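Residues per chain, in single letters:
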Amino acid sequence: MKERIGVYICHCGGNISDYVDVEELGKMFHQEDNVVISKDVMFACADSNQKDMVKDIQENNLDAIVVCSCSPKLHLHTFKNVAARAGLNPSNYVQVNIREQCSWPHSDRPREATVKAAGLIRAGINRVSFSESLENIELTVKKSVLVLGAGVAGMKAAIDLAKSGNEVFLIEKDFFVGGRIAQKDGLFMSGQKGKEIVASLYEDIKKQTNITVFTGTTVEKVSGSLGNFHVDIKVKPRFINGKADKQAVKRAMDECPVSVDDAFNLGLTKRKAIYKNYPEALPDVPVVEAELLKNETDFVAKFASTLNLNEQEETLSLIVGSVLVTTGYDHYQPKEGEYGYKTIDNVVTLPELNRLMELNPEKLVYNGKQIKSVAFIYCVGSRQTKGENKYCSRQCCTSTIHTSLQLKEKYENIQTYHVYRDIRTYGKQEILYDKSSKQGDIYFKYEEKEMPVVEKEGKSTIVKVKDYLTAKKQMEIEADLVVLVTGMVAREDSTHISEMFKIPIGRDKFFNEIHPKLKPVETVIKGVYIGGTCQGPKNVSESVQSSLAGASKITALLKSGTVSVDPIIARVNADACTWCGKCSDVCDYTAIKEVEADGKHIAAVNKAVCTGCGICAPVCPANAIDIAQYTDQGIESMIDGFMHEVEIREKEVNPEEVQEEGKVGMKEYPQIWKNILETMDEKTTIPQVVEKLKVSGELVTYHMMTMNRYGVVVPAGMDAKEEYFYYKKK
């Protein structure tokens, strides 16, 4: 049990002390057993206070510290590092959140907020009293990476990982690399064609001797953990004789008697049963759909030396240190009848229009008719209040307007209409919207409660919309082609991938990172990262950036050959355990398995896999499992501490006196505030303060704004030239 504890209670610049009486709490806990130091400090996270904490720990021989401030999500590692610098084991540190849990939610009842804070602080002191000195778990890692998905994000990440010295296995479900990018004709802003980008990236991949590409491959089984994942993959055959002459293969493709809908062209064209997605598709080896040729005995016999229909699927086992998932997205597929899709012959989706444009280089023709007018209907399958996809797909507006510009550039004399809810061409993409408006594109705004309607009237297709830009007038647009702007949705196989790698899926069915800002590419499984559009809608640039972020994280993780992981994991009391299997059944991470020890069967925890979630502990009938730093004794002591009776006196304050003197709920002003106040006359500008203090203008501006926020100073008009504000003491 810890006997020399330091407690630090933060004002947070008024965020806490405006509503919680931190001074009173500092005095109260100074009287607690085993508490050697109890301080209230202005900013606990400030460099100056961190230095004071290090000094306190060393000079007073503290064996544990408690910091009462903001959320541990912000500064847990800050104060763990303070403890480590002072020679104190970081596990003997506890952070108590009295900002988000006390001052902010209970700002209307400051006395009760202070009472609650006192309970939480005492609970933290009791918990740290029973803390243990834990050491991080060191694991040996293999410097190899599995990249799942060979779209533009996966290919870029694979190249980056390989150049950093890692062995890379690039896995692609399709028989050809490139993903959706290969279906794009020209990209904003570069103007490059998607196929050119794919060819360039594939050329870079072939130059890297430590990248192995597997196409037509799926993941079948995953086991192991960070540094040592065992992944079984199934490689489908192409049914082409590897020694066959290229000309013979081409003749077989040309003479193939069986044709089917071309999935790459979204069913707009036909392709042979021996095919490539497009002539330049890579790897440069066609694929045979053997099942379609089973009745074509004469053809198969003729090309017996070229085709090898007896090839079998092959299962390979790979061992990798980390995994990067970049499996991409699917397009939303409208339901039959949705805006006339599949029921009206000239209603298509935006991806289908993009393929049509590439297939029609001279004139845009659909169903034998030349297209002169196009109406785009936005947000089809996105932002549905009552539907499945409540999110905005982000890139659809830009993609639509870019396509509209390409239509006029490529074919000329095409009128385009945009029926939209909101235009979201963020960042530099706003250039496209501006250009579209200036070139004569016509925009109609609708609301979800009054959706557009697509109807067939004789030979004409009419889009009816109540336009909010013209006081809700009912407009009718006659269009040769109606294009449904569909967004991104999670891939159909995302559930399978999620089960294989234990990646959480959000309500939007995309993969979930730990935190969108603090840990944007990490998952809850150590060593498994995500990037690109598998985690949500993104444009090409954003997809590549996120996958490269994942690649850099992996490189840093595997660089040294060992990795240090958090010691807060489940622990088994071998004497009490009798192995019933309940802990293993509830573990989402397969971190617990049955082993034999000293003649009996017990549970064993895989330290590399366990996340310390604690779900196993409450289901154990023998109470043989606990979580490091979350023992029964520690939790019960926290409850006792929180339930301890607290007496906080209501302070009598004269509101007029507070207003007159400009008091704020802080122990004292920071020194720089005092310096600023000393320089101020009846009215003073920021440049005048800067001149007197000889410090940077940015520093004075920051603190003057903060002083204004807390009523220490107030604006007092502008100077004669109206260049600067005057400030005066309140």
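The structure displayed is predicted, hence computed values, not measured ones.

Re the sheet that holds strand S9 (residues 217-225)
Stage number 1. Spatially, S9-S10-S15 is the arrangement adopted by the three strands of the open sheet, whose pairing is antiparallel. The open sheet terminates on both sides in strands that have one partner only, identified here as S9 and strand S15 (314-320). Ignoring which end each strand starts from, the neighbouring axes of this sheet average 20° apart.
Stage number 2. Of the strand pairs in this sheet, S9 and strand S10 (residues 228-235) are connected by eight bridges, and their pairing is antiparallel. Bridging from a neighbouring strand, Ser223 pairs with His230 of S10.

Digging into helix H2 (residues 47-59)
Residues spaced three or four apart along an α-helix face the same direction, because each turn holds 3.6 residues.
Stage number 1. With 13 residues, H2 should cover 18 Å at 1.5 Å per step; its first-to-last C-alpha distance of 18 Å lies within 8% of that length.
Stage number 2. Those residues of H2 not exposed but buried are Asn49, Gln50, Met53, Val54, Asp56 and Ile57. The buried residues of H2 occupy an angular sector of 160° when the element is viewed end-on, so they sit on one face. Turned more than 90 degrees away from the buried face of H2, the exposed residues are Asp47, Lys51 and Glu59.
Stage number 3. On the buried face of H2, the contacting elements are strand S1 (5-10), strand S2 (35-41), strand S3 (64-69) and helix H3 (72-85).

Considerations on the sheet that holds strand S4 (residues 93-97)
Stage number 1. Overall, parallel pairing links the four strands, which are arranged S2-S1-S3-S4 in an open sheet. Each edge of the open sheet is held by one strand with a lone partner, namely S2 and S4. Averaged over all neighbouring strand pairs, the angle between strand axes comes to 15°, with direction disregarded.
Stage number 2. In the sheet, S1 pairs with S2 via six bridges, with the strands oriented parallel. Among the inter-strand pairings, Val7 is bridged to a residue of S2, identified as Ser38.
Stage number 3. Across the sheet, helix H5 (residues 110-129) touches S1, S2, S3 and S4, and the angle it forms with S4 is around 165°.

Some details on the packing of aromatic side chains
Stage number 1. Taken as a whole and judged by the stated rule, the model has nine aromatic pairs.
Stage number 2. Relative to Tyr420, the ring of Tyr378 has its centre 6.5 Å away and its plane inclined at 70°; by these criteria the two rings are edge-to-face. With a gap of 42 residues between them, Tyr378 in strand S21 (residues 373-380) and Tyr420 in strand S22 (residues 415-420) connect regions that are remote in the sequence.
Stage number 3. The exposure class of Tyr378 is buried, given its relative accessible area of 1%.

Description of the pattern of salt bridges
Stage number 1. Evaluation of the coordinates by the stated rule reveals 36 salt bridges.
Stage number 2. A salt bridge links Asp422 to Lys445, with the shortest nitrogen-to-oxygen separation between them at 3.3 Å. Of this pair, Asp422 sits in the loop between S22 and helix H12 (430-438) while Lys445 sits in strand S23 (residues 442-445), and the two are 23 residues apart along the sequence.
Stage number 3. Among the residues examined, Asp422 registers a relative accessible area of 27% and is labelled partly exposed.
Stage number 4. For the salt bridge of Asp681 with Lys692, the shortest nitrogen-to-oxygen distance reads 3.4 Å. Residue Asp681 is located in the loop between helix H18 (671-679) and strand S35 (684-685), and its partner Lys692 is located in helix H19 (residues 686-693); the two are separated by 11 residues in the primary sequence.
Stage number 5. Judged by relative accessible area, which is 43%, Lys692 ranks as partly exposed.
Stage number 6. The structure contains a network of salt bridges with shared partners spanning Arg383, Asp422, Lys445 and Glu447.

Rules behind the numbers
Residues numbered from 1 in each chain as written. Predicted model: local features only at pLDDT ≥ 70, side-chain atom pairs only at ≥ 80, totals over all residues. Heavy atoms only, no water. Pairing = 2+ DSSP bridges. Helix = DSSP H or I, 4+ residues; strand = E, 2+ residues; numbered from the N terminus. Axes fitted to C-alpha atoms, helices over the stretch in contact; angles between N-to-C directions. Expected span 1.5 Å × (residues − 1). Buried < 20%, exposed > 50% of the residue type's maximum accessible area, 1.4 Å probe, protein only. Arc of directions from axis to C-beta. Contact = heavy atoms within 4.5 Å. Phe/Tyr/Trp six-rings, centres within 6.5 Å; stacked < 30°, edge-to-face > 60°. Salt bridge = Lys/Arg side-chain N within 4 Å of Asp/Glu carboxyl O.

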